[in-house]
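# Observations on the three-dimensional arrangement
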Amino acid sequence: MRYLPLLWAGLFRKKTRTILTLLSVGVAFLLFGLLHAVTVAFESGADSADAKRLLTTARYSIIELLPIAYLRRIEQVPGVIGVAYAEWFGAKYQNESNAFPVFAVDPRRYLDMYPEFTIPHEQREALVKTRTGAVAGTRLIQRYGWKLGQKVPISSEIHPKADGSMGWEFDLVGTLDADDPTVRGNTDIVLINAAYFDEARQANKGRTGWYIERIADPAQAKAISAAIDALFMNSPDETKTQPEKEFAIGFAKQIGDIGALVLRILVAVFFTILILTGNTMAQSIRERIPELAILKTIGFSDSRVTVLVLAEAVVLLLLGSGLGMLAATSLLPAMNSATGGRFPPLFVHGSTWLIALGMAVTLALAIGLPPALRAWRLKIVEALAGH
Amino acid sequence: MRWLNQAVAITVITLRTIPQRLGTSLVVVIGIAGVVGVLVSVLAMSEGFRHTLASTGRYDRVILLRAGSDSEMSSGLGRDQTTLIAPLPGVARDADGSPLASAELLVMVDLPRQGQTDPNNVPFRGVQPAAFAIRDELRIVAGRRFARGVREVIVGEKASQEFARLTVGSTIGFRDSAWTVVGIFETGGDVHESEIWADAEVTMSAFRRVGYQSVTARLADGSDTGFTAFKDSLSRDPRFSLSVLREPEYYARQAKVLSDLINVLGYTVAAFMAIGAIFGALNCMYSAVASRQVEIATLRALGFDGTPVVLAVMIEALLLALVGGAVGGALAYLYCDGTSLSTLNFNTFSQVAFDFRVTPGLLLQGLWWSLSIGAVGGLLPAIQAARLPVTVALRTL
């Protein structure tokens, strides 16, 4: 600790240079914080998945429909303690295709299935009682400036009403929210009454998109999935049941390996930073060779001088990475609101801080070692003779 | 004139001394190469995706969807409608007089990527015989076309590369049906190369569909008047309720969401990297100026002006930046250009395969970025170099 002033003096020997280096390290870690938040958001579907939930879709393609009559039969499978269902409405709002997901659901079953969603009890009951009712996620309500009690006109791109028109209208009776901020992105949806939807639409009556099952014991997930699929084997509508997490992972894989893409960008970023900072460090030590020689002259051991140089690199990287991560943490909320809730909310997670710390130390060693070795090998006489 | 001579003289000296400062100069080059490399690669991805969709379709072809639908996936057309569309006067005819209109259905089938097991939504298109005459850019590159009335498919080149088991002679099973791959086709790199094609009637019965999703037709008169006349005649006809779009317009619309997203990612990352690189460049140019303090002061003492000094430092920064930009662009080109990628297009909910495209425009854009970084990174050190009082600078000797 008592070497801290010495370290500090060494670092800020040339203020402009150190500040510029700090800033470029900071920017690299800011970028890391932002990109890692994207990766985390992308993988959060799998992370926030409930191990006690299974998902049943049509076997050959998730966009095909299943008979609503499957509900009673799935309910009787041993180990299943709750069943909900939902169907994709294909919303078009204010001429924007897929502006937000709208699911036609049985409100009680669906909201029971997702206890992480919060909704006031009377609003929940209002949705059950209002045939044309709808509840929407709080971020959507903010984005579009909706008011409870108003009618929301939403077109469907898939489902015509009985009269052939694609325009639907729902009464907004409630707000959906979540206490856990990482789940809040999942509430960017609108729920409507499947009973009304099924009655009012022109085609595909008596069918729904997918089933969600709650099971008592996650260890039984595979066996129960197989039991559900066995029920409908060789029927015109075969099913595929899998744990929610597997479904989420599979879906993420469809988009492709975002993680690998982000990783490549980050490698480029950090390689660049390594070169920039490494050069600055080397230069700074080169200029201070006589000073280091004097330190050795007054009794500093070789290893102590080496550690001093290395510590300088570590402090530089820790300061820079801390600045960058702080900037990322404070920037993300602003970015979340600037995108108007069009993307899932992004956060800097604890894990991101840990990885940043690990990378800062690794980079510091990579950058600090060559000049530190140089300081180690330094011969007092030669170093002082040169000047 | 004297001023210009001075500028040239100092610049020449400056550039000659670069080898002595190779380390610092290289840092500027590498820093900027990193920015430009990432920028160009990410934008090449978006460009490739956009190009794949934008090059799909021709101006004289139209796609008809159910009114209000933006994509084939959300559209549906009954057989009664599609049979009425083909004989319309606006639709072109082939030499035998049969209409160039193909009613098609698009279903999604699950196929794993090469070497993986997770399913992906691969588009499976059922087409009527006229489809080949309408899309005459389609060429069979291996095998043959599918025969009518049997479960045979032809596979787009991109889909064949990206997904498992899609080679001539292999059998793929969907639902309760097994299909034989009898051919591979290419369509000049457009979106159809990510698809599997089969006979419409066979597809309909195998996937238990009762209707089509779209009709693609070639117009007898592809000009604006011909298109408007065709569209108007359809909207006046009470039997139809259709959206009529020219093919290029339809496919460009489908590219928008994803390519916008990739562009935002690319520019955001590059902007932050550029800020980092500017700090790096500033650092390097400051130290370059510092190491030549005495030399610059000597020149000033000999009667050289400040402006030529500023110019010389700026030119050095810009040259280094340009080299960095060129290296970054070249790396992006070598590393990315032509690399294939397949992803889920949110508009259609199906897989689209495309190649990264490093275009001259992107490379030029990369150079602009590198010059801007060089200019910002060089200006302050250059001014500092010129402003330093001669006596102070020489005293450091």
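Being a predicted model, the structure only gives us computed values, none of them experimental.

Conventions and cut-offs
- Residues numbered from 1 in each chain as written.
- Chains lettered and ligands numbered in written order.
- Predicted model: local features only at pLDDT ≥ 70, side-chain atom pairs only at ≥ 80, totals over all residues.
- Helix = DSSP H or I, 4+ residues; strand = E, 2+ residues; numbered from the N terminus.
- Buried ≥ 20, exposed ≤ 12 C-beta atoms within 10 Å, placed from the backbone.
- Contact = placed C-beta atoms within 7 Å.
- Rg over C-alpha atoms; globule rule 2.2 N^0.38 Å.
- Axes fitted to C-alpha atoms, helices over the stretch in contact; angles between N-to-C directions.
- Parallel < 35°, antiparallel > 145°, perpendicular 65-115°, else oblique.
- Left-handed = near helix turned anticlockwise from the far one by under 90°.
- Nonpolar A, V, L, I, M, F, W, Y, C, P; charged D, E, K, R; others polar.
- Domains from an automatic or database assignment.
- Core = buried A, V, L, I, M, F, W, Y, C linked by C-beta atoms within 7 Å.
- Pairing = 2+ DSSP bridges.
- pLDDT = per-residue confidence, 0-100.

## Description of the overall build of chain B
- Secondary structure summary: chain B contains twelve helices and twelve strands in total.
- Considering only C-alpha atoms, chain B reaches an extent of 95 × 50 × 35 Å along its principal axes.
- Of all 397 residues assigned to chain B, the portion counted as buried reaches 53%.
- Of the contacts formed within chain B by residues at least 6 apart in sequence, a portion of 83% connects residues at least 24 apart.

## Details of the overall build of chain A
- Check the secondary structure of chain A and you find 14 helices and 14 strands.
- Taken over the C-alpha trace, chain A has a radius of gyration of 30 Å; the compact-globule value for 387 residues is 21 Å, which it surpasses by more than 25%.
- Principal-axis analysis of the C-alpha atoms places the extent of chain A at approximately 95 × 45 × 30 Å.
- Within chain A, the proportion of its 387 residues that are buried is 41%.
- In chain A, the share of contacts with a sequence separation of at least 24, taken over all contacts with a separation of at least 6, comes to 79%.

## Re the packing of helix 2 (residues 22–54) of chain B against helix 11 (residues 360–387) of chain B
Residues and elements named next belong to chain B.
- Interhelical geometry of helix 2 versus helix 11 gives an angle of 150° and a closest axis separation of 9 Å. Taken together, the axes of helix 2 and helix 11 are roughly antiparallel relative to one another. Crossing hand, helix 2 versus helix 11: right-handed. Of the residues in helix 11, those in contact with Ile32, Val35, Val36, Leu39, Val40, Leu43, Ala44 and Glu47 of helix 2 are Leu362, Leu363, Gly366, Trp369, Ser370, Ile373 and Gly374.
- Residues belonging to the contact of helix 2 with helix 11 are distributed by class as follows: eleven nonpolar, three polar and one charged.

## Section: the domain arrangement of chain B
Residues and elements named next belong to chain B.
- When cut into domains, chain B gives domain 1 (2–54 + 254–395) and domain 2 (61–221).
- Here domain 1 and domain 2 have C-alpha centroids that lie 47 Å from each other.
- The partner domain 2 presents 16 residues to the 13 residues of domain 1 that form the contact.
- Elements with a contribution of two residues or more to the side of domain 1 that touches domain 2: helix 2, strand 11 (340–345) and strand 12 (350–355).
- It is strand 12 that contributes the most residues to the side of domain 1 that touches domain 2, four residues altogether.
- Its residues assigned to classes, the side of domain 1 that touches domain 2 shows five nonpolar, eight polar and no charged.

## Some thoughts on the domain arrangement of chain A
Residue and element names in this part refer to chain A.
- Its domain assignment divides chain A into domain 1 (4–45 + 257–385) and domain 2 (61–237).
- On a C-alpha basis, the centres of domain 1 and domain 2 stand 48 Å from each other.
- Looking at the side of domain 1 that touches domain 2, its residues break down into three nonpolar, three polar and no charged.

## Focus on the interface of chain A and chain B
- Across the boundary between the two partners, chain A contributes 36 residues, which contact 40 residues of chain B.
- Looking at the side of chain A that touches chain B, the elements with two or more residues in it are helix 2 (15–47), helix 9 (244–255) and helix 10 (258–287) of chain A.
- The biggest single contributor to the side of chain A that touches chain B is helix 10 of chain A, with eleven residues.
- For the side of chain A that touches chain B, the per-class residue count stands at 19 nonpolar, 14 polar and three charged.

## Side note on the environment of A:Gly259
- With respect to the helices, strands and loops of the structure, A:Gly259 is situated in helix 10.
- C-alpha of A:Gly259 to C-alpha of A:Glu43: the two residues are 216 residues apart in sequence and 9.0 Å apart in space.

## So, the nonpolar core
- Counting 169 residues, the largest nonpolar core has A:Leu31, B:Val35, B:Met273 and B:Val313 as its most contacted members.
- Broken down by element, this core gets its largest block of residues, 22 residues, from helix 8 (residues 247–291) of chain B.
- In this structure, A:Ile74, A:Val152, A:Ala194 and A:Phe247 belong to the second largest nonpolar core, which totals 50 residues.

## Details of the environment of A:Lys92
- With respect to the element layout, A:Lys92 can be found in strand 4 (residues 91–93).
- With near-sequence residues (within four places) excluded, A:Lys92 lies in contact with A:Ser97, A:Ala99, A:Ser155 and A:Glu157.

## What about the pairing of strand 9 (residues 214–218) of chain B?
Residues and elements named next belong to chain B.
- Of all five residues making up strand 9, five are buried, and the element is well covered by its neighbours.
- Residues Ser214, Thr216 and Arg218 of strand 9 are buried on one face, and the alternating residues Val215 and Ala217, pointing to the opposite face, are buried as well.
- Judged from the four bridges that link them, strand 1 (residues 61–66) and strand 9 form a sheet pairing that is antiparallel. Note on strand 9: the bridge partner recorded for Ile63 is Thr216.

## Digging into unusual backbone geometry
- Of note, A:Asn234 is a non-glycine position whose phi angle comes to about 65°, a positive value.
- With respect to the helices and strands, the residue A:Asn234 is situated in the loop between helix 8 (221–231) and strand 14 (239–243).
- Assessed through the 7 C-beta atoms surrounding it within 10 Å, A:Asn234 is described here as exposed.
- For B:Arg208, which is not glycine, the phi dihedral falls at a positive 55°.
- Summarising the element assignment, B:Arg208 is placed in the loop between helix 6 (200–206) and strand 9.
- On the neighbour-count criterion, B:Arg208 (12 C-beta atoms within 10 Å) is exposed.

## What about the confidence of the model for chain B?
- Looking at chain B as a whole, its pLDDT mean stands at 88, while 99% of the residues score no less than 70.
- In the predicted complex, the global pTM is 0.80; the interface-specific ipTM is 0.78.

## Considerations on the packing of helix 8 of chain B against helix 11 of chain B
Residue and element names in this part refer to chain B.
- Packing of helix 8 against helix 11 brings their axes to within 8 Å, and their N-to-C directions diverge by 35°. Judged by the twist between their axes, the crossing of helix 8 over helix 11 is right-handed. Where helix 8 abuts helix 11, its residues Ala270, Ala274, Ala277, Ile278, Ala281, Leu282, Met285, Tyr286 and Val289 lie against Trp369, Ile373, Gly374, Val376, Gly377, Gly378, Leu380, Pro381, Gln384 and Ala385.
- Considering only residue class, the contact of helix 8 with helix 11 consists of 15 nonpolar, four polar and no charged.

## Let's talk about the confidence of the model for chain A
- When pLDDT is averaged across chain A, the result is 88; 97% of the residues are at 70 or more.
- Mean pLDDT across the secondary structure elements of chain A bottoms out at strand 5 (residues 96–97) of chain A, with 76, and peaks at strand 11 (residues 190–193) of chain A, with 96.

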